[in-house]
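The lines below spell out each chain.
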Amino acid sequence: MQQGSGFLTPRQRRLAWLGFLLAAVQAPVSAKLVADDSWLFSLCVALMVATVIIADDASRRRPANAPVD
């Protein structure tokens with residue numbers, strides 16, 4: 001059974017993982033160092049990038065000949 005291809009290229013997927021990791025690490029560090037709540041922006045960005053990675057992973061796991069809903 002062939003697997004479907006995702007909408008991200010392998011390079012884009014690696015960059016998305018890098019962006020996710022950087023944003024996820026920056027959030028707690030900036031929460032410690034900065035008095036305001038600007039660290040929430042980093043958390044939101046990390047969650048949005050994680051959503052894109054999960055959606056790409058789901059489309060890669062779908063069989064190539066499966067109908068798209």
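Numbering of residues starts from 1 in each chain and follows the order in which that chain's sequence is written. Given that this is a predicted model, residues contribute local features only at a pLDDT of at least 70 and side-chain atom pairs are listed and counted only at 80 or more, while totals for whole chains, interfaces and linings are drawn from all residues. With hydrogens and water excluded, all non-hydrogen atoms of the structure serve as input to the side-chain values.

Colleague: Before we move on, could you go through a nonpolar patch on the surface and cite the residues and values that matter?
Modeller: A surface patch of nonpolar side chains, amounting to about 370 Å² of accessible area, comprises Val25, Val29, Leu33 and Val34. Within the secondary structure layout, Val29 lies in helix 1 (residues 10-33). For patches, a residue must show more than 30% relative accessible area and have no salt bridge; joins then use 9 Å for like charges and 5 Å for nonpolar side chains, namely Val, Leu, Ile, Met, Phe, Trp and Tyr. Shrake-Rupley sampling with a 1.4 Å probe provides the accessible areas, and residues are treated as covered by the protein chains on show and by no other component. Salt bridges are defined by distance alone: a side-chain nitrogen of Lys or Arg within 4 Å of a carboxyl oxygen of Asp or Glu. Runs of E in the DSSP output that reach at least two residues are strands. Runs of H or I that reach at least four are helices, and both are numbered from the N terminus.

Colleague: Quick rundown of the environment of Ser42? Include the residues and the values.
Modeller: By the secondary structure assignment, Ser42 is in helix 2 (residues 39-61). When accessible area is computed with a 1.4 Å probe and restricted to protein chains, residues below 20% of their type maximum are described as buried, those above 50% as exposed, and intermediate ones as partly exposed. Residue classification places Ser42 among the buried residues on the basis of a relative accessible area of 7%. With twelve residues separating them in the primary sequence, Ser42 and Ser30 have C-alpha atoms 8.9 Å apart. Any pair of residues with heavy atoms lying within 4.5 Å of one another is described as a contacting pair. Not counting residues within four places of it along the chain, the set of residues in contact with Ser42 comprises Ala23, Gln26 and Ala27. Here a polar contact is taken to be a pair of N or O atoms separated by no more than 3.5 Å, where protein atoms must pair a possible hydrogen donor with a possible acceptor and residues adjacent in sequence count only if both atoms sit in side chains. At a separation of 2.7 Å, a polar atom in the side chain of Ser42 contacts the side chain of Gln26.

Colleague: Mind laying out the pattern of salt bridges, listing which residues take part and the relevant values?
Modeller: One pass over the structure, following the stated rule, counts four salt bridges. Arg13 is paired through a salt bridge with Asp57; the nearest N and O atoms lie 3.6 Å apart. Placement of the pair is Arg13 in helix 1 and Asp57 in helix 2, with a sequence separation of 44 residues. Each of Arg13, Asp56, Asp57, Arg60 and Arg61 takes part in one network of salt bridges that share partners.

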